[in-house]
Amino acid sequence: MEVGASVWVADAGPETWLEGTVVAKRPVDGGGGKGGQQYDLEIELLGREGGRATFRIAAGETEAPDLKLRNGEDVSLVQDLITLPHLHEPAILHSLQERFEEGAIYTFTGPILLAVNPFKRLQGVYTEDVLLTYYEQGLLTAQGLKTAGPLPPHVYSIADAAYRAMMEAIRALPSATSTRSSSSSSASSGCQSILISGESGAGKTESTKHVLTFLTTVSAPSTSPRDTWEEGGGGGGEGGGGGGGKGASETVMNKVLQSNPILEAFGNARTIRNDNSSRFGKYIEMHFDKRGRLLGASIETYLLEKVRLPHQAVNERNFHIFYQLLAGASAEERQR
């Protein structure tokens with residue numbers, strides 16, 4: 001690490017990491033022991049008038065626990081963090097912040113998608129055209145055809161990748177002797193999992209809804225996903241399609257999508273950080289036939305926060321269902 005290098009310096013204050021520049025590098029007298037020559041680096045902290053910090057590193061070292069090299073501004077807006085020259089905590093945080101300020105809430109880090117909750121409704125991010133764009137790109141890629149280039153990070157790309165991997169595994173299965181055994185074999189051998197995790201208020205519930213919308217839309221036996229979207233009102237309404245009979249698959253699709261508000265009513269509550277915080281874990285299993293059409297789904301819940309029933313913290317509420325029941329009850333029913 002030489003004079004002029006751009007760095008990140010750990011800070012005990014609210015900023016966590018501060019930008020800095022190496023302004024001096026001095027050899028430490030008598031610092032040539034087993035670890036080799038050591039140097040004291042003087043760092044000028046940007047944005048803090050007169051702010052300076054000193055770090056001691058060995059010759060050849062490029063960072064320390066509280067000192068990291070900073071990437072150039074021209075690479076901060078990468079769509080995949082893996083491509084950053086220097087990948088560490090401050091680089092990740094800075095890149096996510098820069099992208100967020102540009103209106104990009106999604107960022108890849110290899111096969112993992114990072115999502116930053118915008119805490120507002122976004123226009124044009126989850127439209128029919130956007131969903132179909134990711135579906136068609138995945139279809140072309142699966143067929144080995146050339147595409148216009150990679151699409152920006154999006155929750156739809158994760159859902160599509162899982163769907164394509166499932167279909168590829170199903171097609172690789174040996175032909176079954178009956179429809180029953182074929183469907184069963186497909187379900188057991190083409191399994192894919194999407195894990196959605198994060199702190200309270202990070203957007204896990206909303207991300208789950210978008211994944212379900214994508215999978216139910218592209219797996220319905222309509223003539224095309226666009227038909228399913230239009231007939232289902234964005235993947236969740238009533239409508240008919242070919243294949244399994246009008247309304248057959250759409251009924252399954254609707255049940256899968258419309259079960260979410262019911263689960264949320266019984267298991268979600270307002271907390272000081274999130275007005276619709278899920279206070280339970282949810283495992284959704286979707287079942288498809290060998291042609292990739294949705295057959296049904298099952299939902300398991302676990303770790304319900306039962307302690308919320310008799311007691312809630314200050315400025316928090318009980319589960320939504322109790323307030324919904326009261327809101328829909330008559331004055332006489334409330335008196336009871």
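Conventions and cut-offs
- Every chain begins its residue count from 1, and numbering advances along the sequence as written.
- pLDDT decides what is reported in this predicted model: residues at 70 or higher carry local features, side-chain atom pairs at 80 or more are listed and counted, and totals for whole chains, interfaces and linings draw on all residues regardless.
- Hydrogens and waters are ignored; side-chain quantities use all the structure's heavy atoms.
- When DSSP finds two or more bridges between two strands, those strands count as paired.
- Only DSSP runs of H or I covering at least 4 residues are called helices, and only runs of E covering at least 2 are called strands; the numbering of each starts at the N terminus.
- pLDDT expresses, on a scale from 0 to 100, how confident the predictor is about each individual residue.
- Note on contacts: a residue pair qualifies if any of its non-hydrogen atoms lie within 4.5 Å across the two residues.
- The working definition used for a salt bridge is a side-chain nitrogen of Lys or Arg within 4 Å of a carboxyl oxygen of Asp or Glu.

(A) Structural view of the pairing of strand β3 (residues 38–45). Pairing of strand β2 (residues 17–27) with β3, which is carried by 7 bridges, proceeds in the antiparallel orientation. Pairing of Gly20 across the sheet is with Leu45, part of β3.

(B) Here's a closer look at the confidence of the model for the chain. Counting all residues, the mean pLDDT for the chain is 83, and 83% of those residues have values of 70 or more. Taken as a whole, residues 176–187 scores under 50 in pLDDT and shows 10 contacts with residues more than four places along the chain or in a different chain. Low pLDDT, under 50, characterises residues 235–246; the stretch is placed with 36 contacts to residues that sit more than four places away or in other chains.

(C) Looking closely at the pattern of salt bridges. Tallied over the full model, the rule gives 14 salt bridges. Among the salt bridges present, the one from Arg273 reaches Glu199, with a minimum N-O distance of 3.4 Å. Taken together, the residues span a long stretch of sequence, with Arg273 in the loop between β8 (268–269) and β9 (277–278) and Glu199 in the loop between α4 (179–189) and α5 (204–218) at a distance of 74 residues. Of the charged contacts, one joins Glu305 and Arg279 as a salt bridge, the two residues approaching to 3.0 Å between their closest N and O atoms. Placement of Glu305 in the loop between β11 (294–302) and α8 (320–328) and of Arg279 in the loop between β9 and β10 (281–288) is noted, with a sequence separation of 26 residues between them.

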